[in-house]
Amino acid sequence: MGYIFLFLIGFGLAVTGGVTLIAYMNFLPAGVSWGEYFLFVSGRLECYFLPIGLLIMTFVIYTSPFKP
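Report on the accompanying structure. (Residues numbered from 1 in each chain as written. Predicted model: local features only at pLDDT ≥ 70, side-chain atom pairs only at ≥ 80, totals over all residues. Heavy atoms only, no water.)

Some remarks on the overall build of the protein chain
Assigned secondary structure in the protein chain consists of three helices and zero strands. Reading the secondary structure of the protein chain in the N-to-C direction produces α-α-α. Its C-alpha radius of gyration of 15 Å places the protein chain more than 25% over the 11 Å reference for a compact globule of 68 residues. Principal-axis analysis of the C-alpha atoms gives the protein chain an extent of 50 × 20 × 15 Å. Looking at the protein chain residue by residue over its 68 residues, the buried ones come to 21%. Considering only intrachain contacts with a sequence separation of at least 6, the fraction spanning at least 24 residues in the protein chain is 67%. (Helix = DSSP H or I, 4+ residues; strand = E, 2+ residues; numbered from the N terminus. Rg over C-alpha atoms; globule rule 2.2 N^0.38 Å. Buried < 20%, exposed > 50% of the residue type's maximum accessible area, 1.4 Å probe, protein only. Contact = heavy atoms within 4.5 Å.)

What to know about the packing of aromatic side chains
Overall, the coordinates contain six aromatic pairs when judged by the stated rule. Ring pairs connect the aromatic residues Y24, F27 and F40, which therefore count as one cluster. (Phe/Tyr/Trp six-rings, centres within 6.5 Å; stacked < 30°, edge-to-face > 60°.)

A few points about the nonpolar core
The nonpolar side chains of a soluble globular protein tend to be buried with one another. Residues Y24, L28, Y37, V41 and C47 constitute the largest nonpolar core, which totals five residues. If sequence neighbours within four positions are ignored, C47 has contacts with T20, L21, Y24 and V41. (Core = buried A, V, L, I, M, F, W, Y, C linked by side-chain atoms within 4.5 Å.)

Encoded structure:
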């Protein structure tokens, strides 16, 4: 049960980070360049949730005892 819970936490973090990155892409039509976008995103804590969530999910998938 712990593996499922950890996987769901990782999934939630990945979704949160991905949605945040997509939401911040709305700055691009307002005249912000890609370089400024990446500089802005690299300073936001919630944007780091995507890679952290993907790492947690990868860890759970490869260490889970429920492999076929």
